[in-house]
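Residues per chain, in single letters:
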Amino acid sequence: MTSADHGNSPSIDPELSQYLGQAVDLATRNVGEGGGPFGAVVVTPDGRVHAGVNRVTRDNDPTAHAEVVAIRAAAAATVNFDLTGSVLYASCEPCPMCLASALWARIGHVYFAADRHGAAAAGFDDALFYDYFNGAAPELMPVTRGDIPTSDLPFQTWRAFDSRKEY
């Protein structure tokens, strides 16, 4: 029998608990400091912890979600946009923008505490965004290509630039 068979919760990895707890603490403190109830930490392979809190309303920056702020901090501290081998711990299930940011940063794993349904109950409902990316709400924001003669010029220039830094 497993511990779940006895009605007990399975034991949580202490490291997972530590970093998720840190993200939740950051989120809770951030509310009192005028920010949104979201916190995140990125732990890089060298063991350093890079924290971020939701700064959307404080900075008037709709992209300043806790996960993005933590990713920016980790990238700046490591002087590298490639965070391969890093782990992102978030106080809440990351939204599509934050997931995309983690993918672009090459984060190896994402863990979260609260889920999107808890966020929605608190007034942070991103269900429409998930619908949009699933193709169920294209009217939310039409995206249309405007093909002009120089559309491919930036990419041609990129391919020809010998000193480019690949990513």
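What you are looking at is a predicted structure, and each value in this text was computed from that prediction instead of being measured.

*Asks:* Hey, could you go over the packing of helix H3 (residues 66-78) against helix H4 (residues 96-105) for me, with residue numbers and the actual values?
*Replies:* Look at H3 against H4: their axes get within 8 Å of each other, and the N-to-C directions meet at 20°. In this view, H3 runs roughly parallel relative to H4, as classed from their interaxial angle. Of the two elements, H3 crosses H4, and the hand of that crossing is left-handed. Contact residues: H3 offers Glu-67, Val-68 and Ile-71, while H4 offers Met-97, Cys-98, Ser-101, Ala-102 and Ala-105. For the contact of H3 with H4, the class distribution of residues is six nonpolar, one polar and one charged.

*Asks:* Break down the pattern of salt bridges for me, citing the residues and quoting the values.
*Replies:* In the structure shown here, the tally under the stated rule is seven salt bridges. Across the pair Arg-164 and Glu-166 runs a salt bridge, and its minimum N-O distance is 2.4 Å. For Arg-164, a relative accessible area of 28% gives the class partly exposed.

*Asks:* Describe the pairing of strand S2 (residues 49-53), with residues and values.
*Replies:* Look at any regular strand and the pattern is simple: side chains alternate between the two faces of the sheet. In this structure, strand S1 (residues 39-43) lies alongside S2, joined through five bridges in antiparallel fashion. Looking at the pairing, Val-43 lines up with Val-49 of S2. The loop that links S1 with its antiparallel partner S2 comprises five residues; one of these, Gly-47, has a positive phi angle of about 90°.

*Asks:* Kindly report on unusual backbone geometry, identifying the contributing residues and their values.
*Replies:* One non-glycine residue with positive phi stands out, namely Asn-60, at about 50°. Phi is positive for Val-79, which is not a glycine, with a value near 55°. Relative to the assigned elements, Val-79 resides in the loop between H3 and strand S3 (87-92). Since its relative accessible area comes to 69%, Val-79 is described here as exposed.

*Asks:* Quick rundown of the UniProt feature "domain: CMP/dCMP-type deaminase" (unreviewed entry) in the protein? Include the residues and the values.
*Replies:* Under the UniProt annotation, the feature "domain: CMP/dCMP-type deaminase" (unreviewed entry) is placed at residues 14-125. End C-alpha to end C-alpha, residues 14-125 measures 30 Å, and it is 46% helix and 20% strand.

*Asks:* I'd like a rundown of the sheet that holds S1, residues and numbers included.
*Replies:* Spatially, the four strands line up as an open sheet ordered S2-S1-S3-S4, and their pairing is mixed. Both edges of this open sheet fall to S2 and strand S4 (109-114), since each of them pairs with a single strand only. In this sheet, adjacent strand axes meet at a mean angle of 15° when their direction is disregarded. In terms of strand pairing, S1 meets S3 through four bridges, oriented antiparallel. Among the inter-strand pairings, Val-42 is bridged to a residue of S3, identified as Leu-88. Lying on the sheet, helix H1 (residues 14-32) is in contact with S1, S2, S3 and S4; it crosses S3 at an angle near 50°.

*Asks:* Could you give me a rundown of the environment of Ala-64, with the residues and numbers involved?
*Replies:* Considering the arrangement of structural elements, one finds Ala-64 in the loop between helix H2 (56-59) and H3. Assessed through its relative accessible area of 1%, Ala-64 is described here as buried. Residues Ala-64 and Gly-52 lie 12 residues apart in sequence; the distance between their C-alpha atoms is 9.1 Å.

*Asks:* Got a sec to walk through the nonpolar core? Specific residues and values, please.
*Replies:* Ala-40, Val-42, Ile-71, Leu-83, Leu-88 and Ile-107 are the most contacted members of the largest nonpolar core, which has 15 residues in total. Among the secondary structure elements, those contributing two or more residues to this core are S1, H3, S3 and H4. Per element, the largest residue contribution to this core is four residues, and it comes from H3. The residues touching Leu-83, leaving out its near neighbours within four places in the chain, are Ile-71, Ala-74, Ala-75, Thr-78, Ala-105, Arg-106 and Ile-107. One finds Leu-16, Tyr-19, Val-43 and Val-87 within the second-largest nonpolar core, a separate group that totals nine residues.

Criteria and thresholds
In every chain, residue numbers begin from 1 and rise along the written sequence. Local features are withheld for residues below a pLDDT of 70 in this predicted model, meaning they are given only at 70 or higher, and side-chain atom pairs are given and counted only at 80 or more; totals for whole chains, interfaces and linings count all residues. Computation of side-chain values: all heavy atoms of the structure, hydrogens and water removed. Convention adopted: a line fitted to C-alpha atoms gives each axis, helices being fitted over their contacting stretch, and angles between N-to-C directions are expressed from 0 to 180 degrees. Only runs of H or I of at least four residues qualify as helices and only runs of E of at least two qualify as strands under DSSP, and these elements are numbered from the N terminus. Note on terminology: angles under 35 degrees are roughly parallel, angles over 145 are roughly antiparallel, angles of 65 to 115 are roughly perpendicular, and the others are oblique. Put simply, a crossing is left-handed when the front helix is turned counterclockwise from the back one by less than a right angle, and right-handed when it is turned clockwise. It only takes one pair of heavy atoms within 4.5 Å for two residues to be counted as in contact. Each residue is assigned to one of three groups, with Ala, Val, Leu, Ile, Met, Phe, Trp, Tyr, Cys and Pro labelled nonpolar, Asp, Glu, Lys and Arg labelled charged, and all others, Gly among them, labelled polar. By definition here, a salt bridge exists when the distance from a side-chain nitrogen of Lys or Arg to a carboxyl oxygen of Asp or Glu is within 4 Å. Exposed residues in this analysis have more than 50% of their type's maximum accessible area, buried residues have under 20%, and partly exposed residues fall in between, with area computed by a 1.4 Å probe over protein chains only. Pairs of strands are assigned from DSSP output, requiring at least two bridges between the strands. UniProt positions are given in the numbering used here, feature names are shortened, and annotations may be inferred rather than shown by experiment. Side-chain atoms within 4.5 Å link the members of a nonpolar core, which is a set of buried Ala, Val, Leu, Ile, Met, Phe, Trp, Tyr and Cys residues.

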